[in-house]
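Listed below are the residues making up each chain.
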Amino acid sequence: MTLKAVPTPSEARSPQSEEPAVKTRVDVRSLALTTLAVIAVVVMLQYAQAMIIPIVLGVLISYALDPIVTAMARWRVPRPVGAAILLFVLVAAGGWLLYGLRTEATAIVEQLPQAAKRLRQALENDRPTTANAIQQMQSAAAELQKAADAAAPPPAPTTGIQRVQVESPRFSIGEYLMYGSLGLAAAVGQLVLMLFLVYFLLASGDLYRRKLVKIAGPSLTQKKITLQILSEIDRQIEAFLLVQLFTSALVALVTWLAFRAIGLQQAAVWGILAGVFNSIPYFGPVVVFGGTAAVAALQFGSVQMTLLVSGVALAITSLEGFLLTPWLTSRAARMYAVAIFVGLLFWGWVWNVWGMLLAVPMLMVLKAVCDHVDDFKAVSELLGD
């Protein structure tokens, strides 16, 4: 009889049967410090948004206007003079546009009572069904309350303490207007400061770039990498802003012409709003679709016209978003769609509407930096297409 040795479990496993495993070392202390630093940065961004948002807007506007000032400098116009002339022309054009739209804006405000009356009439026409549903819910709630009272223990004897009811203060139109005026004054002040920041950035030219290259480090490699990062940021931001400006203007123009042909009142105002919200990826077309549907329902009072107006708005923004914008941005840095969506959610939570407007350019800047820093290659891979 031949005896065979029985292999142990460790010997029975062959190298082919072993599952591959990634061995990595996690520094818990470094991870905790990084997490705390990220939380502190997010809290600071939310707390200081009144100061940071005008700075970010000013930098982006200076990127968009810098090629024009540079072209004027080639025509022997000093940069400070060229920047002042350009900003004056833009402010004057914006003021002229707002002044030209004042009639339509006033008409919208005047039509609010009539729109509210139509909405009330629509609700009154649907009152029987709504009232029946409400009565059934009230009856069910009353029966549930009776069952709960029967199952509950008897109430404790009162101790003679008087019940106090706190009433909320009534709505005051005076206080509302006062707070609204203060908010408008603060917005105007931030706009003026942002214009001054744009002027100084345009007048100084590439001075801050040279300063960043100078403080990057003593070695030539560090200066070269910093210069590459700045050049990449310039290229991507300029391409993004030019594409965004062109597509928003095109959407505003086409929407205005379509709404005017349909017969929608104040078509110019709604066209401009469609162009502005078009700069918000994903969420912008949804807002335009819902807003135009509500406006059409209040004006025409017809389901067919409501579907027509909202469908036209959705078709315009969809054609622009799926065909025109990808073709125009093919030469710029492509971003991963999921990364853009998550970035919109994050910056929208941090800075509300301004965060959604500024999310894409800030993600592009982050990707340009991560592309040239070895320690951040993983972040660049997550953001890239």
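Cut-offs applied
- Every chain begins its residue count from 1, and numbering advances along the sequence as written.
- The predicted origin of the model limits local features to residues at a pLDDT of at least 70 and limits the giving and counting of side-chain atom pairs to 80 or more, whereas totals for whole chains, interfaces and linings rest on all residues.
- With hydrogens and water set aside, each side-chain value is computed from the structure's full complement of heavy atoms.
- All axes are obtained by fitting lines to C-alpha atoms, using only the stretch in contact for helices, and the reported angles, taken between N-to-C directions, cover 0 to 180 degrees.
- A run of DSSP states H or I qualifies as a helix once it reaches four residues; a run of E qualifies as a strand once it reaches two. Both are numbered from the N-terminal end.
- Any angle between 65 and 115 degrees counts as roughly perpendicular, while under 35 counts as roughly parallel, over 145 as roughly antiparallel, and the rest as oblique.
- Crossing chirality is assigned from the near helix's rotation relative to the far helix, an anticlockwise turn below a right angle marking it left-handed and a clockwise turn marking it right-handed.
- What makes two residues a contact is simply this: any of their non-hydrogen atoms within 4.5 Å.
- Classification used: nonpolar for Ala, Val, Leu, Ile, Met, Phe, Trp, Tyr, Cys and Pro, charged for Asp, Glu, Lys and Arg, polar for all others including Gly.
- To qualify as a nonpolar core, a set must consist of buried Ala, Val, Leu, Ile, Met, Phe, Trp, Tyr and Cys residues joined through side-chain atoms within 4.5 Å.
- Each residue is assigned to one of three classes by its accessible area relative to the maximum for its type, calculated with a 1.4 Å probe on protein chains only: buried under 20%, partly exposed between the two thresholds, exposed over 50%.

1. As for the packing of helix H3 (residues 49-74) against helix H4 (residues 79-100)
Following both chains from N to C, one finds H3 and H4 inclined at 130°, their axes separated by 9 Å at the closest point. Regarding the angle of H3 to H4, the classification is oblique. In this structure, the crossing between H3 and H4 has a hand that is right-handed. Note on element contacts: H4 touches H3 through Arg-79, Gly-82, Ala-83, Ile-85, Leu-86, Leu-87 and Leu-90, opposite Leu-65, Asp-66, Ile-68, Val-69, Thr-70, Met-72 and Ala-73. Per-class residue counts for the contact of H3 with H4 are 10 nonpolar, 2 polar and 2 charged.

2. Considerations on the packing of H3 against helix H13 (residues 337-371)
For the pair H3 and H13, interaxial distance at closest approach is 11 Å and the crossing angle is 35°. H13 is crossed by H3, and the crossing has left-handed handedness. Residue-level contacts link Gln-49, Ile-52, Ile-53, Val-56, Leu-57 and Leu-60 of H3 to Val-350, Trp-351, Trp-354, Leu-358, Pro-361 and Met-362 of H13. For the contact of H3 with H13, a count of residues per class yields 11 nonpolar, 1 polar and no charged.

3. Re the nonpolar core
Counting 32 residues, the largest nonpolar core has Val-56, Ile-237, Trp-347, Trp-351 and Leu-358 as its most contacted members. Those elements that provide at least two residues to this core are helix H2 (28-47), H3, helix H9 (220-262) and H13. In terms of residue count, the dominant contributor to this core is H13 (14 residues). Sequence-distant contacts of Ile-237, that is, excluding residues within four places in its chain, are made with Leu-60, Tyr-63, Pro-361, Met-364 and Val-365.

4. Re the side chain of Thr-255
Structurally, the position occupied by Thr-255 is in helix H9. Assessed through its relative accessible area of 1%, Thr-255 is described here as buried. If sequence neighbours within four positions are ignored, Thr-255 has contacts with Gly-271, Ala-274 and Ile-316.

Coordinates in, geometry out; function isn't part of it.
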